[in-house]
Amino acid sequence: MAAARRPSATAPARRTKTKLSLEDARKHFQAQLPHRIDAPNQALGFRKARQGEAISAETGKEAELYPLCSSTMLEELDSFGVGISLYFRQLLALFAVAALCALILLTSGLYNASTCDSDEIKDGSIDKGGRDLDYRQSGTSTGSAAGCLRKDLSVARNVAPDIAVCVIMLLAALIADKMRSRAKSHVDENAQTASDYTIVIRNPPRHIIDPENYRSFFEEHVNDAVVCVTIAKDNGLLMTLMAQRFGFKRDLAEFAKTNVEELGTVGRLIQPFVYGMGLLKTPKYAQDNLEKVEKQLKEYIQEHSRVTAPPTTVFDHQGPDGTWTPFRAEDCLQIKKAMDKNDDGVVKLDGVPFEVRWGSKATSKKMPTRPDTDMIQVNIKNDNTRIVRHREERVSEFDWHKPSRVYVTFETEAGMEHALETFETSGFRRMVSKYLGWESENTPEAFENVVLNVSRPVEPSEILWHTSHVRRSERWVRLTVSFGLTAALVVGVYYVSINIDDANSLALWVTFVNSALPVFLKAMQLMVEVHREYGDDQDSMFLKLLLSRWANTVIAAFIAYGRRSRLSATALSGVMSILLMDAFLLPVLRVFDVYDLFMRYVVGPRQPSQQDMNALWSGADWNIAERYTDIMKTLGVGLFYAAAVPYGLLVTAAALLTSFFVDHYCLLRLWAWKPDFDDQISRRAIGCIALLVFVHVLVAQYFFQNWGVYPTAAIENYCFDFTGSFMSRKEALRAGDCDATTISAGHCLSKFLVCEIGRA
């Protein structure tokens, strides 16, 4: 009998299963797309349907897809939440500003095209980098500073339009935040969510786990009904293990319906990295990992449910209603240390106006006789006195029952606003109250001796419950490592960019890196960083991706050429190529997402079950940080080179408009569902616009100072003054000769402006 054939080391597992249905996958895809559903109580008359919601409970009508084109397009986007709506509104506003600036700079482009074509410029000159460069305008460099000489620079045609652009962009940056605030209020009115009625407490007392305590406290001080109190506990690791256990058990249930052979050696090595993507799934891997997860889960529950810490002395004070409330852990430790030193004494508690007395000192004006417990707590402001007791208690050092956040939802939005006005305070004031005991007239009422850190919450879908157990110190360490790795990546990309000789190749390289950066950074962030809220996760991605794309697109492309070659036709045509790709190539790649199509049509049919195949038909992955960095990168390139490439802003405006329509289509017909975003990144983007204006001013000055500065081999007889003798820059300035210039050092912009104005 022939021996059974062993599986190949690289061959995937063979599956004996029923044929998967592509039609069912398409139906699942359609069901995952955003639908709107009737909601008479909403200002829009509808709302975005929740996942799986097909019929309106209020009207009984079926949910329908959002229309791709309508007269109320922006209002319809309000139902997607503040973050997405603000993104599209800001995109349109930036297009309008960029288009206006582009029209102003058309005069500079037309002037350069008609003037900067001097016969004194020679083509084919070689710069210090060894590149064969052109210095006369042609093709996409038409209308740029290429081929311009020092005498061609005009205040009226070059400098004045650029100053007008700076003023417009600065005004736009100044009023952008006010417009954002108004737009946010408009969106909130159109789409009400639970966060509009809720506050979040970020430092809840660790020993209060009964929601009724918060309900009674806030109803007393806010005069509004509390309809819900949500206590989030430090059990993120438990939730993670439970989710992993559910996933592996679901996979095993699917494997029971089919016959799947195991993988070879190479397949088993790759399997841990791609299993979560739905690739190389086998029963043995699922069973082995299920056993590991169940073991971790059992150990975790045992560790956090039993008493593992040594006995601890706990002190309680008795309230007017007879209930005993424990002191804070730090107060218990302070009292215990003081009692160990003296049998009779008094200790002032840190951060609160209370002192604890024991032994013969356990008396006050309002309690002249010592109680049976031989301990009292006295308010040093009014002598109010409470009886104190002490007891021995075993408490787990890592008690996952302790709360990390508390969310209090009021009946009305006015109640929420009143709560914020009453309890919202600065971190400095909370520290002063806690550690120094100093109170001001407007210090909020303390809850269980704690001045609460109250603020507005993010949208409920933004909360990452499974990371609630990760401490702040660990999160900051991980964030630092992530930014360090990003910086190393940027340095590597820079060294590659400066060694690319061909301008078109450089433009293609820049475009490729900009497309690959989100994929790499998302994978790295998923492995390294931990955040408690989705908005913080996106904010981190926004900063890393924005700095990386700016460094790759603007700085690397700028430094890749020498100072005397940055105004060559070759260099400036490369800038236009980058902008043209941003305007037309990248939007096409977003619509025809190659990775998503590959996962759907190639990987999907090879999944072990229809459910796994449907999971790959849930829409293309995307994030709001990537979209913001894309438009900030395009705007950054356009403004950075606006003085040298005036037509660039026209392409920038076209890119912004294209992004609006393409992203709108992708949101409604291609992209996967994402949680509602707040306006965190939109605020960050406004600050970036102001930074771009500042950078543009510096770079424009640099370009004007180096107008007509080319390698000596590229220019003939233009390094001399009117007498025909060579002059250095310092000599020219001392002589006050406005026509004198030098190839090696550029010219002084302030001197140039004085001369031009004097001539006028």
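Residues numbered from 1 in each chain as written. Predicted model: local features only at pLDDT ≥ 70, side-chain atom pairs only at ≥ 80, totals over all residues. Heavy atoms only, no water.

Peer 1: What is the right way to read the sheet that holds strand 17 (residues 454-455) from this model?
Peer 2: Paired through backbone hydrogen bonds, the strands of a sheet run either parallel or antiparallel to each other. Across the sheet, which stays open at both edges, the four strands sit in the order 8-16-7-17 with antiparallel pairing between neighbours. Two strands bound the open sheet, and with one partner strand each, they are strand 8 (226-233) and strand 17. Helix 5 (residues 211-222) rests against strand 7 (198-201), strand 8 and strand 16 (403-410) of the sheet, and its axis sits at about 135 degrees to strand 8. Strands strand 7, strand 16 and strand 17 of the sheet are contacted by helix 10 (residues 413-423), whose axis makes an angle of about 30 degrees with strand 7. (Pairing = 2+ DSSP bridges. Helix = DSSP H or I, 4+ residues; strand = E, 2+ residues; numbered from the N terminus. Contact = heavy atoms within 4.5 Å. Axes fitted to C-alpha atoms, helices over the stretch in contact; angles between N-to-C directions.)

Peer 1: When you look at the environment of Met576 in this model, what are you seeing that I'm missing?
Peer 2: Within the secondary structure, Met576 sits in helix 15 (residues 569-591). For Met576, a relative accessible area of 8% puts it in the buried group. Sequence-wise, Met576 and Ala507 are 69 residues apart; in three dimensions their C-alpha atoms are separated by 8.9 Å. In contact with Met576, not counting residues within four places along its chain, are Thr140, Val645, Tyr647, Gly648 and Val651. (Buried < 20%, exposed > 50% of the residue type's maximum accessible area, 1.4 Å probe, protein only.)

Peer 1: Quick question: what am I supposed to make of the packing of aromatic side chains here?
Peer 2: Any pair of aromatic rings gets described here by the distance separating the centres and the angle formed by the planes. Following the criterion strictly, the structure yields 28 aromatic pairs and no others. Note on Phe46 and Tyr66: the rings are 6.2 Å apart at their centroids and 75 degrees apart in plane angle, and the pair reads as edge-to-face. Here Phe46, found in strand 3 (residues 46-48), pairs with Tyr66, found in the loop between strand 4 (64-65) and helix 2 (73-77); they are 20 residues apart in sequence, far enough to count as distant. Like Phe46, the residue Tyr66 is buried in the burial classification. Ring plane angle 65 degrees and centroid distance 5.9 Å describe the contact between Tyr702 and Phe703, whose orientation is recorded as edge-to-face. Every member of this aromatic cluster is reached through a ring pair, and the members are Tyr87, Phe88, Phe542, Tyr628, Phe660 and Phe661. The ring of Phe29 is capped by Arg600, whose NZ or CZ atom sits 4.7 Å from the centre of that ring. Above the ring of Trp617, the side-chain terminus of Arg600 is found at 4.9 Å from the ring centroid. (Phe/Tyr/Trp six-rings, centres within 6.5 Å; stacked < 30°, edge-to-face > 60°. Lys NZ or Arg CZ within 6 Å of the ring centre and 35° of its normal.)

Peer 1: Is there a simple way to explain the state of the cysteines in this structure?
Peer 2: What we call a disulfide is simply a covalent bond connecting the sulfur atoms of a pair of cysteines. For the coordinates displayed, the defined rule picks out one disulfide. Disulfide pairing is shown between Cys116 and Cys148; the S-S distance is 1.8 Å. Its S-S torsion of approximately 95 degrees makes the covalent link between Cys116 and Cys148 right-handed. Taken together, the positions of Cys116 in the loop between helix 3 (82-115) and strand 5 (125-126) and Cys148 in the loop between strand 6 (132-133) and helix 4 (155-190) put the pair 32 residues apart, joining distant regions of the chain. Accessibility expressed as a relative area gives 0% for Cys148, which makes it buried. Among the cysteines around Cys166, which has no disulfide bond, Cys101 carries the closest sulfur, lying 8.8 Å off. (Disulfide = S-S within 2.5 Å.)

Peer 1: For this particular structure, what's the right way to read unusual backbone geometry?
Peer 2: Trans peptide bonds make up the majority, and among non-glycine residues the majority have a negative phi. Its identity as a non-glycine residue notwithstanding, Asn223 has a phi of 60 degrees, on the positive side. Topologically, Asn223 is positioned in the loop between helix 5 and strand 8. Of note, Asp383 is a non-glycine position whose phi angle comes to about 65 degrees, a positive value. Checked against the element boundaries, Asp383 lands in the loop between strand 14 (375-379) and strand 15 (385-393).

Purely geometric stuff here, so don't read any function into it on its own.
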